[in-house]
Amino acid sequence: MSNTPWWKKSVIYQVYPRSFADSNGDGIGDIKGITEHLDYLAKLGIDVIWLSPVYQSPNDDNGYDISDYRAIMDEFGTMDDFDRMLARAHELGIRIVMDLVANHTSDEHAWFVESRKSRTGEYRDFYWWRDGSVAPDGTRLPPNNWRSVFSGSAWKYDEATDQWYLHLFSTKQPDLNWENPRVRSEIYDMMRWWCNKGVDGWRMDVISLISKNVALPNGELGPDGYGDFGPYVVNGPRVHEFLREMNREVLSHYDLLTVGEASGATIEEAKRYAAADGSELSMVFQFEHVDAWLNEPAPLVDKWGVGRASMPRLRAILNKWQVELAGQAWNSLYWNNHDQPRCVSRFGDERPEWRVLSAKMLATCLHMMQGTPYIYQGEELGMTNKHFTSLEECRDVEEINIWHQAVDELHQLTPEQMLDCFDHVARDNARTPMQWDDMANAGFCPDGVEPWIDVNPNYQTINAAAALADPDSIFYYYQRLIDLRHNLDIITDGVFRPLLEESEAIWAYERADGEHVLTVGCNWTDVEQPCDLWDSNAGEALICNYAQHKPGVLQPYEAYVTLR
Ligand code: TEU
Ligand code: CA
């Protein structure tokens with residue numbers, strides 16, 4: 001298929017630079033550290049790196065608060081380091097997709113510094129400034145009741161001009177006002193600047209939130225006294241108009257992979273964001289499957305809970321996305337990222353006897369689907385959740401804020417309950433240092449240096465060096481899955497059909513392209529399950545996470561794929 005865009009046959013690897021590799025011994029991952037490990041990624045066989053933000057930032061939210069879009073964060077190195085990394089990646093045939101964080105900037109960005117100075121300044125309308133009110137008892141009240149994603153009000157009062165500014169995330173992440181055409185043109189200019197440098201695409205942070213209902217109506221009140229901004233912001237009134245404009249102005253002039261982070265995107269919305277006519281983006285990250293646990297049982301406070309999504313529920317969601325986007329929009333495929341717990345802990349089985357098998361099973365289940373798979377750093381090693389034992393070990397602004405609100409102020413949760421929730425959903429689970437070897441600090445930074453966040457103590461057994469030395473490792477299994485995708489068009493193009501949808505234990509599907517049928521069966525339990533999928537036609541074995549597939553059954557956490 002010659003006119004298939006390259007990103008439909010690609011496998012993406014997400015690098016979270018702060019936690020990947022520290023080249024200069026300050027305990028913080030950096031760009032040279034990434035460059036030094038590009039050979040490792042080439043060996044894995046990935047096509048593209050999605051690089052979480054490396055721009056100048058005061059790091060309130062680890063780089064998702066940008067103070068200069070055209071400069072590299074001091075801790076990560078220099079623009080020369082960046083250029084060398086990009087050149088070396090391209091030599092190895094690896095493309096680099098940047099993170100576009102344009103819903104908000106840092107409050108230390110020059111635009112905001114100017115904006116907050118006066119009500120009439122040139123940059124005032126780059127952000128959302130509104131009057132508040134004063135309660136009878138003299139308390140200042142914000143312009144509306146919206147809750148910030150990171151707890152508390154989504155508005156912050158600013159003395160200088162006696163107005164409030166909107167921040168859907170932390171107080172140091174003021175929302176840009178996309179209604180202002182100058183904001184949009186500044187963002188497009190900046191994107192062109194990076195594209196002209198040779199970057200290969202964009203992962204667009206919270207792109208589904210950039211357009212707000214300008215009336216800023218109050219949201220439905222929650223038990224904490226704040227209202228939900230969802231209906232007025234998520235997939236907001238002008239979001240598709242803005243993206244089509246961005247596409248005309250920037251994207252269509254380059255050969256890019258674009259993926260929008262679209263929490264709250266329904267199938268219908270995704271068909272617009274990722275329309276096959278190329279008018280907006282290549283694909284979106286939908287959130288339905290990673291949010292599925294939210295009702296099983298309901299969380300204790302906001303997103304904080306201890307639920308676990310059942311396989312049939314996850315299957316119903318992802319099967320639906322497979323079937324309903326077919327031919328109309330392209331899927332992205334992911335189990336985890338820097339905002340989500342580790343997939344082997346959350347969806348698989350991290351107990352030592354099942355960790356490797358279940359990690360391989362999860363990988364198979366996802367990588368044989370239609371779409372573009374994303375691997376989050378360390379997933380190819382089966383890295384697990386950290387299991388934090390105190391707030392002092394946590395670094396994420398989201399965790400720190402919810403602790404102060406739910407434990408310290410409102411006493412909604414005990415410290416033990418909160419830590420239990422962290423075990424299940426804290427973002428820091430994904431942000432512990434990459435485990436390179438069994439030396440001090442897992443080889444992430446030198447012995448004697450304190451990493452910015454503690455290493456997961458299981459690095460002595462779970463690390464890249466051990467994986468590379470073991471032909472049966474999760475690493476080599478991912479390598480084979482990537483290889484299969486590169487070599488078999490049916491994995492890109494085959495029509496997806498769910499199988500055994502009544503099974504409580506087996507997630508199965510096939511892919512068909514008119515000539516061949518690929519059959520995938522995954523046992524999501526730790527016990528052997530009868531399975532008649534291959535009774536009538538065995539086919540040729542393509543990949544299996546056991547040395548030997550046994551006819552008529554799927555062994556515990558077995559994944560088996562055939563072609564006929
Ligand atoms: O995430 C936004 C988002 O919708 C979530 O995944 C969010 O982190 C989670 O719901 C919090 O509970 C993006 C980035 O990926 C994240 O790292 C940033 O913190 C956030 O935007 C703000 O830029
Ligand atoms: Ca460093």
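Note that the coordinates shown come from a computational prediction; the quantities given were computed from them, not determined experimentally.

1. Regarding the pairing of strand S11 (residues 201–204)
Every other side chain in a regular strand lies on the same face of the sheet, so the side chains alternate between the two faces. Alternating residues of S11 divide into Gly201 and Arg203 and Trp202 and Met204, and every residue in both groups is buried. By the bridge criterion, 4 bridges tie strand S5 (residues 95–100) to S11 in an arrangement that is parallel. When the bridges of S11 are listed, leucine 100 appears paired with methionine 204. Looking at chain direction, S11 and strand S12 (residues 257–261) are connected through 4 bridges and run parallel.

2. Brief notes about the coordination of the calcium ion (ligand 2)
Surrounding the calcium ion (ligand 2) are the protein donor atoms Asp22 (OD), Asn24 (OD1), Asp26 (OD), Ile28 (O) and Asp30 (OD), which sit 2.2 to 2.3 Å from the metal. Considered as a linear motif, the donors of the calcium ion (ligand 2) on their single chain read D-x1-N-x1-D-x1-I-x1-D. The exposure class of aspartate 26 is partly exposed, given its relative accessible area of 35%.

3. Brief notes about unusual backbone geometry
A positive phi angle is found at aspartate 302, which is not glycine, with a value near 45°. Relative to the elements of secondary structure, aspartate 302 occurs in the loop between strand S13 (283–285) and helix H9 (311–325). In this structure aspartate 302 comes out as partly exposed when scored by relative accessible area, which is 38%.

4. A closer look at the site of ligand 1
Taken together, 19 residues lie near ligand 1, and Asp61, Asp205, Asp339, Glu398 and Arg427 sit nearest. For ligand 1, an oxygen atom lies 3.0 Å from a polar atom in the side chain of lysine 303. Taking histidine 338, its side chain carries an N or O atom lying 2.9 Å from an oxygen atom of ligand 1. Surface burial for ligand 1 is 92%, taken as the share of its 490 Å² of free accessible area covered by protein chains.

5. A closer look at the packing of helix H11 (residues 355–367) against helix H15 (residues 474–487)
Here H11 crosses H15 at 15°, and the two axes come no closer than 10 Å. In terms of orientation, H11 and H15 fall into the roughly parallel class. Between H11 and H15 the crossing geometry is right-handed. Between H11, through Arg355, Val356, Ala359, Lys360, Ala363, Thr364 and His367, and H15, the contact on the second element is made entirely by Ile474, Tyr477, Tyr478, Leu481 and Arg485. For the contact of H11 with H15, the residue count by class is 7 nonpolar, 2 polar and 3 charged.

6. Section: the sheet that holds strand S9 (residues 155–158)
Spatially, 3 strands are ordered S6-S10-S9 in an open sheet, and the strand pairing comes out antiparallel. Only two strands of the sheet have a single partner each, and these edge strands are strand S6 (129–130) and S9. Here S6 runs beside strand S10 (residues 163–166); their pairing, made up of 2 bridges, is antiparallel. Its bridge partner being in S10, arginine 130 is matched across the sheet by tryptophan 164.

7. What to know about the packing of helix H12 (residues 397–409) against helix H13 (residues 415–425)
Where H12 meets H13, the axes come as close as 10 Å, and the angle between the chain directions of the two elements is 150°. Comparing their axes, H13 and H12 come out roughly antiparallel. Here the hand of the crossing between H12 and H13 comes out right-handed. Seen from H12, the contacting residues are Glu399, Ile402, Trp403, Ala406 and Val407; seen from H13, they are Pro415, Met418, Leu419 and Phe422.

8. Considerations on H9
The end-to-end C-alpha distance of H9 is 21 Å, a good match for the 21 Å that 15 residues give at a rise of 1.5 Å each. Taken as a whole, H9 has its buried residues at Met311, Leu314, Arg315, Ile317, Leu318, Asn319, Trp321, Gln322 and Leu325. On the buried face of H9, the contacting elements are helix H8 (267–273), strand S14 (330–333), H11, strand S16 (495–499) and strand S17 (506–512). Trailing H9 by a residue or two, glycine 327 shows a phi angle of about 80°, which is positive.

9. Comments concerning the environment of aspartate 68
Within the element layout of this structure, aspartate 68 appears in strand S4 (residues 68–72). Take aspartate 68: its relative accessible area is 33%, and that puts it in the partly exposed class. Separated by 13 residues in the primary sequence, aspartate 68 and tyrosine 55 place their C-alpha atoms 6.5 Å from one another. At 2.9 Å, the side chain of aspartate 68 and the backbone nitrogen of arginine 70 are in polar contact.

10. Topic: the state of the cysteines
Under the counting rule described, the total for this entry stands at 0 disulfides. Free cysteine: cysteine 445, not disulfide-bonded; nearest cysteine sulfur from cysteine 394 at 19 Å. Distance from the sulfur of cysteine 531, which forms no disulfide, to the nearest cysteine sulfur (cysteine 522) is 10 Å. Residue cysteine 531 is classed as buried on the basis of its relative accessible area, which comes to 7%.

11. Some thoughts on the pairing of strand S15 (residues 372–376)
The element S15 is extensively covered by neighbouring structure, given that 5 of its 5 residues are classed as buried. A two-sided burial pattern is seen for S15, the buried positions comprising Thr372, Tyr374 and Tyr376 on one face and Pro373 and Ile375 on the other. Where strand S1 (residues 12–15) lies against S15, 3 bridges are found, and the strand directions are parallel. Residue pairing across strands places tyrosine 13 opposite isoleucine 375, the latter belonging to S15. Of the pairings in the sheet, the one linking S14 to S15 comprises 2 bridges and is parallel in character. Bridge pairing in S15 places serine 332 opposite threonine 372.

12. Looking at the sheet that holds S16
Pairing is antiparallel across the open sheet formed by 5 strands, whose spatial order is S16-S17-S18-S22-S20. What marks the edges here is a single partner per strand, and that holds for S16 and strand S20 (540–544). Recorded for the sheet is a direction-independent mean angle of 20° between the axes of neighbouring strands. Sheet analysis places S20 next to strand S22 (residues 559–563), joined by 4 bridges and oriented antiparallel. The residue of S22 that forms the bridge with isoleucine 543 is valine 561. Lying over the sheet, H15 contacts S20 and S22, oriented at roughly 135° with respect to S20.

Cut-offs and rules
- Residues numbered from 1 in each chain as written.
- Chains lettered and ligands numbered in written order.
- Predicted model: local features only at pLDDT ≥ 70, side-chain atom pairs only at ≥ 80, totals over all residues.
- Heavy atoms only, no water.
- Buried < 20%, exposed > 50% of the residue type's maximum accessible area, 1.4 Å probe, protein only.
- Helix = DSSP H or I, 4+ residues; strand = E, 2+ residues; numbered from the N terminus.
- Pairing = 2+ DSSP bridges.
- Donors = N, O, S within 2.8 Å, 3.2 Å for Na, K, Ca; no water.
- Near = heavy atom within 4 Å.
- Polar contact = N/O pair within 3.5 Å; in protein donor to acceptor, adjacent residues only side chain to side chain.
- Areas by Shrake-Rupley, 256 points an atom, 1.4 Å probe, with all protein chains shown as cover.
- Axes fitted to C-alpha atoms, helices over the stretch in contact; angles between N-to-C directions.
- Parallel < 35°, antiparallel > 145°, perpendicular 65-115°, else oblique.
- Left-handed = near helix turned anticlockwise from the far one by under 90°.
- Contact = heavy atoms within 4.5 Å.
- Nonpolar A, V, L, I, M, F, W, Y, C, P; charged D, E, K, R; others polar.
- Expected span 1.5 Å × (residues − 1).
- Disulfide = S-S within 2.5 Å.

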